[in-house]
Amino acid sequence: MAKQYDVLFRLLLLGDSGVGKTCLLCRFTDNQFHPAHISTIGVDFKMKTIEVDGIKVRIQIWDTAGQERYQTITKQYYRRAQGIFLVYDISSERSYQHIVKWASDVDEYAPDGVQKILIGNKADEEHKRQVAKEQGLQLAREYGMDFYETSACSNLNIKESFTRLTELVLQAHRKELEGLRAPPRTPTLARLEEDEQQPLCSEDTPKTCWC
Amino acid sequence: MVDLLLCLKGCLIPIQATLVPSWQAVEKHLLLIFTNTFTTVFQYEYPFFFSDLEGNAYQNNHLLKIILAMHQFIISSFSTYLSALESKSSMLCVKICYFVRYWITEFWVMFKMDSKLSTTMEEFQELVKANGEELHCRLIDTTQINSRDWSRKLTQRVKTNTSKKRKVSLLFDHLEPEELSDHLTYLEFKSFRRISFSDYQNYIVNSCVKENPTMERSIALCNGISQWVQLMVLSRPTPQLRAEVFIKFIHVAQKLHQLQNFNTLMAVIGGLCHSSISRLKETSSCVPHDVIKVFNEMTELLSSYRNYDSYRRAYNECSNFKIPILGVHLKDLISLYEGMPDYLEDKKINIYKLYSLYNHINELIQLQEMPLPLEANMDLVHLLTLSLDLYYTEDEIYELSYAREPRSHRAAPLTPSRPPVVADWASGVAPKPDPKTISKHVQRMVDSVFKNYDHDQDGYISQEEFEKIAASFPFSFCVMAKDWEGLISRDEITAYFMRASSIYSKLGLGFKDLVKLTVLPTPSLAGIKQGC
């Protein structure tokens, strides 16, 4: 049973309703979308394997699509994320302002050391722009995050931003992954991968690489 | 293509039997949809295809209904019709008119909701008047739209035996879990059944609740219940008392599960799972193991694991009355909408997308017709409505939680540093309330009490009612200093709450925060109350 990938990470898309999170996701996963997945017992995250630094990384991307205003529902998603996209819409000042709130929710609920990246989506709608690129850059600087303006419509920076966040998560977990390239077996990874059932956050996120 | 046809065959078989045209015709019609661009279908082929039908023969055409119901996902206005009419023969005009008439008759709500559409339709009517024959005019009648009883859906009462005679205690401590679950379900169902087909559509297209008050209310109710659950637990001064409330809510959750009201169940369990509650170690040590076990089972049932797998299973096994976790189903709709392309290759419309969306929405709409299997007491409904309208921030609830059970010393250095707040979310950092602010908040709260409880508007409410009101809020244990008799004036009530504020400041809780709970700034509440 050879695995198709070396490591598995969970990424989460956060931001106001309507900023285009689901679009980003669909775009990144090339619209490999099967409607049956939705209402059956299927998968609500989408998977994609990318290679970073010679490591095959399987990323699971979770999307809160349309549930953003349900406080108790959205909180559930934070717990198992290792990387988070904070997404706003460049044509909505409000969605940009709310990033502060999303970021503080992440501080509160996501595991320590979760990696974050800021995304200004809908960059193709230049004529409706309400948030200058500099504002995005500035906010990202305040939080020490990377920043991308993307467009699901014109496929701008989609792959780049997903790859970047994956790199960041990979770096953050470097210590556990050190053995990865040399010996074929990696006990830590198995744990990272099989913890689906574990309740709450706490132990499954290693806390060695930062702070 | 073949697959898609097969998929659709299921839904078309009933049509085969009831509809005037033959199955071949339906198939031909399907093929038309697949082989033509959407505009062509609507401009020309659609009415043409239905040329053999009389106006009333449309009625059972499920597919046509789907197309009409869902077309706004693909095209927003119907101005294309105008050009169609201008260039077609008189014979075709009749067909178009029949088609439009059917549309207006069956989907008048859509015209009401979409002003662009109805404007276009009025223009169309003008055009017909100017150029068409008399018959055409008679067929197209936009006044029909306006004459419809728009409020039918909105004012429809929840069908239940609301007995006014039965005496109930309005003190939280005296309420049985079953009473709470019944009344929460009553409120939930009332808000759920108001969400119309177009509301779902608008939500999907706009991905937000802007100008979608029914949806917004439903979400606000859900969040309100979660906060209320947290606050009721946190309002108790000792771990034992908090544990009692916690246990009570677990029992409420069990009853909600029995009622198959998953939305409120999610709100209650979500509230109990919230870290403001789960961090209360002293409290949870007072909760018996069997209750914790039930709590864990519930949490598992509602977990987001594998796209809410366990919830979906449970939900699908339920028959009769049930209330879905709306958030989960809205997510499905958004994913379907964003995930599938509007057009297939060669600009053929993706009928399967429309079909899936229609079915998902329709399933939710069907549930609204179920009879509510319980009785509601209106006093309790009013009380809950008022106390669920919460305007607490997460941070304020946290403060309350820390005030009840302070951080242990070990954990103390981990205090998360809040990021610089630049936006309007800053409300969480509440300064120590000055008397002026307190007074303002008390005044606002008293106003809302009078608005809702001073039925004869004489400036007094009865002592009995005041006690009910005071008991419904999380600071209900704050006893009155003296026994009032008979009627209570506005000033007396104000004084009571001002006094309560000083008691609270001794407890380390800003009264300002507590009063906020009861402020009812939204006009929407008036709407809710009228419907009660």
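Just so you know, these numbers come straight off a predicted model, no measurement behind them.

Engineer: Any details on the overall build of chain B? Residues and values, ideally.
Structural biologist: Looking only at helices and strands, chain B has 29 helices and 2 strands in total. Looking at chain B as a whole, 55% of its 532 residues qualify as buried. Taking the contacts inside chain B whose residues are at least 6 apart along the sequence as the reference set, 77% of them involve residues at least 24 apart. In the form shown here, chain B has an accessible surface area of approximately 23500 Å², with 53% of it arising from carbon and sulfur atoms.

Engineer: Can you lay out the sheet that holds strand S6 (residues 146-149) of chain A for me, pointing to particular residues and giving the numbers?
Structural biologist: All names here are of chain A. The 6 strands are arranged S2-S3-S1-S4-S5-S6 in an open sheet whose pairing can be described as mixed. Of all strands in the sheet, those bounded by a partner on one side alone are strand S2 (46-52) and S6. Taken pair by pair, the neighbouring strands of this sheet meet at an average axis angle of 25°, ignoring direction. Inspection of the sheet shows strand S1 (residues 7-14) paired to strand S4 (residues 83-89) by 4 bridges, in the parallel sense. Opposite Leu12, over in S4, you have Ile84 as the bridge partner. Against the sheet, helix H1 (residues 21-28) makes contact with S1, S2, strand S3 (55-63), S4 and strand S5 (115-121), and its axis sits at roughly 150° relative to S3, the strand it touches most.

Engineer: Explain the packing of aromatic side chains residue by residue, including any values.
Structural biologist: The full count for this structure, using the stated rule, is 14 aromatic pairs over all chains. Seen from their ring centres, B:Trp228 and B:Phe249 are 5.3 Å apart, and the 80° between their planes marks the pair as edge-to-face. Taken as a pair, B:Trp228 in helix H14 (residues 213-234) and B:Phe249 in helix H15 (residues 239-259) lie far apart in primary sequence, 21 residues in all. Its relative accessible area of 0% is what places B:Phe249 among the buried residues. Between the aromatic rings of B:Phe262 and B:Tyr311, the centroid separation amounts to 5.3 Å while the plane-to-plane angle is 70°, which identifies the pairing as edge-to-face. In this pair, B:Phe262 sits in helix H16 (residues 262-273) while B:Tyr311 sits in helix H20 (residues 305-317), placing the two residues 49 residues apart along the sequence. Comparing B:Phe262 with B:Tyr311 shows no difference in burial state: the two are buried. Joined through ring pairs, the aromatic side chains of A:Phe28, A:Phe85 and A:Phe162 make up one cluster. The ring of A:Phe28 is capped by A:Lys48, whose NZ or CZ atom sits 4.9 Å from the centre of that ring. Over the face of the ring belonging to B:Tyr315 we find B:Lys322, whose NZ or CZ atom lies 4.0 Å from the ring centre.

Engineer: Could you give me a rundown of helix H6 (residues 133-143) of chain A, with the residues and numbers involved?
Structural biologist: Residue and element names in this part refer to chain A. Within H6 the residues assigned to the buried category are Gly136, Leu139, Ala140 and Tyr143. All buried residues of H6 project into a common sector of 100° when viewed along the axis, lining one side. Away from its buried face by more than 90 degrees, H6 exposes Glu134 and Arg141. Buried residues in H6 make contact with S4, helix H4 (93-97), helix H5 (99-109), S5 and S6. Two residues or fewer after H6 comes Gly144, characterised by a positive phi angle close to 65°.

Engineer: Go over the environment of B:Tyr398 with me, naming the residues and quoting the values.
Structural biologist: Within the secondary structure layout, B:Tyr398 lies in helix H24 (residues 394-404). B:Tyr398 gets classed as buried once you look at its relative accessible area, which sits at 6%. Through-space distance from the C-alpha of B:Tyr398 to that of B:Ser276 is 5.5 Å; in sequence the pair is 122 residues apart. Ignoring sequence-local partners within four residues, the contact set of B:Tyr398 consists of A:Glu108, A:Tyr109, B:His274, B:Ser275, B:Ser276 and B:Arg279. Within the local environment of B:Tyr398, its side chain forms a polar contact with the side chain of B:Ser275, the two groups lying 2.4 Å apart.

Engineer: I'd like a rundown of the side chain of B:His329, residues and numbers included.
Structural biologist: All names here are of chain B. On the secondary structure map, His329 appears in helix H21 (residues 326-339). Residue His329 is classed as buried on the basis of its relative accessible area, which comes to 10%. Beyond its immediate stretch of four places on either side in the chain, His329 contacts Tyr311, Tyr315, Pro324 and Leu364.

Engineer: Summarise the nonpolar core; cite the residues concerned and give the values.
Structural biologist: The biggest cluster of nonpolar side chains holds 122 residues, and the ones touching the most others in it are A:Leu86, B:Tyr200, B:Trp228 and B:Phe249. For this core, the leading source of residues is H14(B), giving 11 residues. B:Phe249 has contacts with B:Phe172, B:Trp228, B:Val229, B:Met232, B:Val233, B:Val268 and B:Leu272, leaving out every residue within four places of it along the chain. One finds A:Leu25, A:Phe85, A:Val87 and A:Leu177 within the second-largest nonpolar core, a separate group that totals 27 residues.

Engineer: So what's going on with the packing of H1(A) against H21(B)? Residues and values would help.
Structural biologist: Here H1(A) crosses H21(B) at 50°, and the two axes come no closer than 9 Å. In terms of axis orientation, H1(A) runs oblique to H21(B). Relative to H21(B), the crossing made by H1(A) is right-handed. Of the residues in H21(B), those touching H1(A) at A:Thr22, A:Cys23 and A:Cys26 are B:Ile334, B:Ser335, B:Glu338 and B:Gly339.

Criteria and cut-off values
Residues numbered from 1 in each chain as written. Chains lettered and ligands numbered in written order. Predicted model: local features only at pLDDT ≥ 70, side-chain atom pairs only at ≥ 80, totals over all residues. Heavy atoms only, no water. Helix = DSSP H or I, 4+ residues; strand = E, 2+ residues; numbered from the N terminus. Buried < 20%, exposed > 50% of the residue type's maximum accessible area, 1.4 Å probe, protein only. Contact = heavy atoms within 4.5 Å. Areas by Shrake-Rupley, 256 points an atom, 1.4 Å probe, with all protein chains shown as cover. Pairing = 2+ DSSP bridges. Axes fitted to C-alpha atoms, helices over the stretch in contact; angles between N-to-C directions. Phe/Tyr/Trp six-rings, centres within 6.5 Å; stacked < 30°, edge-to-face > 60°. Lys NZ or Arg CZ within 6 Å of the ring centre and 35° of its normal. Arc of directions from axis to C-beta. Polar contact = N/O pair within 3.5 Å; in protein donor to acceptor, adjacent residues only side chain to side chain. Core = buried A, V, L, I, M, F, W, Y, C linked by side-chain atoms within 4.5 Å. Parallel < 35°, antiparallel > 145°, perpendicular 65-115°, else oblique. Left-handed = near helix turned anticlockwise from the far one by under 90°.

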